[in-house]
Amino acid sequence: MSRLLRLLVVLGPLAVPSVALAQQDVGTYNRALSAFNEGKLDTAAPLFAQLAEGEDADVKGKAEFYLAQTFAKKDLPVAAFISYAAIVNAGPKHPSYLKAIEGLVDMQQRLDEQNLIPSILNQAYTDEVRDQWVTLPKEVLARINYLVGTASQRRMRFEESRSLLEAVPADSRVYAKARYLLGTVLADPRFPGRPGEGETLDKAAIAAFQAVLNTKEPQVELPETRELALLALGRVHYRRGEYADAVKAYEGVPRYARFWDQALFENGFARFQNEDFGGALGSLQALHAPQFEGAFQPESWILKATVYYYSCLYDEVKTTLAAFDERYGPMAKQLEPFTGEDVAPINAFNLVSSENRRLPRAVYLWIRNNERIREVMRTLSRVDQEKRAISEGPWRGTPFAAQTVASLEDIRTTLLQVGGTLAKNRIKEAADNLRTFSDQAEIIRVQTALDEKDLFSEGVDQKALLSRQTLYRPKMPGADYNYWRFQGEFWIDEIGYYQYTLKRGCPARQEK
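Residues numbered from 1 in each chain as written. Predicted model: local features only at pLDDT ≥ 70, side-chain atom pairs only at ≥ 80, totals over all residues. Heavy atoms only, no water.

Another point: the overall build of the protein. Looking only at helices and strands, the protein has 22 helices and 0 strands in total. A compact globule built from 512 residues should have a C-alpha radius of gyration of about 24 Å, whereas the protein, at 31 Å, is more than 25% larger. C-alpha atoms of the protein, sized along the principal axes, occupy 130 × 45 × 45 Å. Looking at the protein as a whole, 46% of its 512 residues qualify as buried. (Helix = DSSP H or I, 4+ residues; strand = E, 2+ residues; numbered from the N terminus. Rg over C-alpha atoms; globule rule 2.2 N^0.38 Å. Buried < 20%, exposed > 50% of the residue type's maximum accessible area, 1.4 Å probe, protein only.)

Applying the stated criterion to the full structure yields 1 disulfide. Paired through a disulfide, C312 and C506 show a sulfur-sulfur distance of 1.8 Å. Here C312 and C506 share a disulfide; its torsion about the S-S bond, 95 degrees, makes the bridge right-handed. With C312 in the loop between α16 (298-310) and α17 (314-335) and C506 in the segment after α22 (462-467), this pair connects stretches of sequence that are 194 residues apart. (Disulfide = S-S within 2.5 Å.)

Charged atoms that come close allow side chains of opposite charge to pair. Using the criterion set out here, one finds 39 salt bridges in the structure. Between D325 and R445 there is a salt bridge; the shortest N-O distance is 2.7 Å. One end of the pair, D325, is in helix α17; the other, R445, is in helix α21 (residues 399-457), and 120 residues separate them in sequence. Taking relative accessible area as the criterion, D325 reaches 34% and is therefore assigned partly exposed. Sharing partners across several salt bridges, the network here consists of R194, E199, D202, K203, R239, R240 and E242. (Salt bridge = Lys/Arg side-chain N within 4 Å of Asp/Glu carboxyl O.)

To continue, consider the environment of A32. With respect to the helices, strands and loops of the structure, A32 is situated in helix α1 (residues 3-37). Each C-alpha atom, one on A32 and one on T436, is 63 Å from the other, the two residues being 404 residues apart in sequence.

Here we take up the packing of helix α9 (residues 158-166) against helix α10 (residues 175-187). Close contact between α9 and α10 brings their axes to 9 Å; oriented N to C, the two are set at 155 degrees. Looking at the two axes, α9 sits roughly antiparallel to α10. In this structure, the crossing between α9 and α10 has a hand that is left-handed. In this structure, α9 contributes F158, S161, R162, L165 and E166 to the contact, and α10 contributes A178, R179, L181, L182, V185 and L186. Its residues assigned to classes, the contact of α9 with α10 comprises 7 nonpolar, 1 polar and 3 charged. (Axes fitted to C-alpha atoms, helices over the stretch in contact; angles between N-to-C directions. Parallel < 35°, antiparallel > 145°, perpendicular 65-115°, else oblique. Left-handed = near helix turned anticlockwise from the far one by under 90°. Contact = heavy atoms within 4.5 Å. Nonpolar A, V, L, I, M, F, W, Y, C, P; charged D, E, K, R; others polar.)

Counting 152 residues, the largest nonpolar core has F81, Y84, L104, L121, W133, I144 and F296 as its most contacted members. The contact partners of L121, leaving out residues within four places of it in the chain, are I101, L104, V105, W133, L147 and V148. (Core = buried A, V, L, I, M, F, W, Y, C linked by side-chain atoms within 4.5 Å.)

The next thing to look at is unusual backbone geometry. Between R194 and the following residue, P195, the backbone shows a cis peptide bond with an omega angle of 0 degrees. As for its placement among the helices and strands, P195 is situated in the loop between α10 and α11 (198-214). Residue P218 is reached from E217 by a cis peptide bond, and omega for that bond is 5 degrees. Relative to the helices and strands, P218 resides in the loop between α11 and α12 (222-239).

The next subject is the confidence of the model for the protein. Per-residue confidence for the protein averages 91 on the pLDDT scale, and 95% of its residues sit at or above 70. Throughout residues 1-21 the model reports pLDDT below 50, and contacts reaching past four residues in sequence, or to other chains, amount to 3 contacts. (pLDDT = per-residue confidence, 0-100.)

By the secondary structure assignment, E113 is in the loop between α5 (97-111) and α6 (116-124). Summary of buried charges: E113 has no salt-bridge partner, and the nearest side chain of opposite charge, R154, is 7.5 Å away. A polar atom in the side chain of E113 sits 3.0 Å from the backbone nitrogen of N115. When neighbours within four sequence positions are excluded, E113 is seen to be in contact with Q108, P118, E375, T379 and L415. (Lys, Arg positive; Asp, Glu negative; His and termini not counted. Polar contact = N/O pair within 3.5 Å; in protein donor to acceptor, adjacent residues only side chain to side chain.)

Spanning 22 residues, helix α20 (residues 371-392) covers 32 Å between terminal C-alpha atoms, matching the ideal 32 Å at 1.5 Å per step. The set of residues buried in α20 consists of I373, E375, V376, M377, T379, L380, R382, V383, E386, K387 and I390. Summarising the contacts, the buried residues of α20 are in contact with α4 (77-90), α5, α18 (345-353), α19 (361-368) and α21. At the N-terminal end of α20, a side-chain oxygen is found 3.1 Å from the backbone nitrogen of R372, two or three residues along, and the residue is N370. (Expected span 1.5 Å × (residues − 1).)

Once that is clear, we can look at the packing of aromatic side chains. The full count for this structure, using the stated rule, is 28 aromatic pairs. With 5.2 Å between their ring centres and 70 degrees between their planes, F36 and Y66 make a pair best called edge-to-face. Here Y66 lies in helix α3 (residues 57-73) and F36 lies in helix α1, a separation of 30 residues in the sequence. Here a set of aromatic residues connected by ring pairs shows up, and it is made of Y29, F36, F48, F65, Y66 and Y84. Seen from the ring of W395, K74 lies directly overhead, with NZ or CZ sitting 5.1 Å from the centre. Lying over the aromatic face of W366, R426 brings its terminal NZ or CZ to 3.7 Å of the ring centre. (Phe/Tyr/Trp six-rings, centres within 6.5 Å; stacked < 30°, edge-to-face > 60°. Lys NZ or Arg CZ within 6 Å of the ring centre and 35° of its normal.)

Of the residues making up helix α13 (residues 243-250), those classed as buried are A246, V247, A249 and Y250. Angular distribution of buried residues about the axis of α13 spans 160 degrees; they occupy a single face of the element. In this fold, the buried residues of α13 make contact with α12 and α14 (260-273). (Arc of directions from axis to C-beta.)

Given below as structure tokens:
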């Protein structure tokens, strides 16, 4: 036997199975694609999953993408997101790379997922791929810029975030959200260039918030974004000492909107700084109405006591601080077991994600109202829903079902870690706030006692001083307002329109 013949004999048996295997994969792929196009998704998905584990790179790449597409059509967006993310993480050499990015952005929108997908896009959005990403559809690229800008802002990469957010065009449906976040980034005290460029940055931030208020539908979550923009606008004006403008912004937040209680609280500070003590107390009166019984606003009572202190109404100071102690003192003790370093993040998340039995109700509601924690709970609910659908559906008992459920469980574990970290930090923040404001209450209490002692030493009869003063009706803001004296009852159509008139218990000081 010649040498050439011997070589063919050796190589022949090794080459033939590979060709047969490639042909078999192509045949399976064609059957899977035909089932997909005919809407037979239950048949197509396991076939695509089988091919995604194969060795033929071309078939494997197509199968991975169509598997994600199948999950998306089956209304399994978390499973689809996992498949799209695997392609994106594989890098730009994957044949379906750009299509997978589109799919990932689409799943982010369907899930409103704010933690994992933005992080994946942020890691993938490198200088190496930017030239490819600009070829994506305009709206997809706008959403990417917004999502990656959000991730950059959380990591305090403010200039990078600014550049991304400014790239979101006005005709995008996330334009309002991008403008709001841009204003937040520019107004951040940590933004590079402050304080030297503070004036320019503040004006740019105010312009961004005004752009949100001027934006028209259709937009993603425009009503809530406008509320947030009004709050942010008020904060910028407040920091700049423009208290009347801050009041105007805070009072623009619609009554009973999601962020109205926060607007009432911050408006109290702005009106106090604007020397409108009666207006400040009016905002706090609304905030302390029964409708906000579940609100966690410990600082509001410190502000209320401060307003009374500046008016030398010491009995009211002591009554307010007693109310603070009664309401928030027990909360501080109740939080103590959950603020230690040994508390596992998952245990912290379980405290706020399940029916509340251990946390103070106001703290529990305050934590659950955090948008990122709400999003984690929404996505976890969706994960569990998809696990049930796969475990109990037509794929029940198959290796494909087991593998898909395992992938969902991995995501579930990651989400629990994210949510647990957020919840643990939020619980600690609540405890720190209670400790801080309790200390401030004690300072006000001590200073009040010292001032009362000084008045007594000076022979000032404060009761006589107050009795000589007359309380007048507050000025009416407009012709469409009526005056009703508050008599202890909170009427829903009156909350938010309260205005106090105050006597002043401070004796006149003779100028030297």
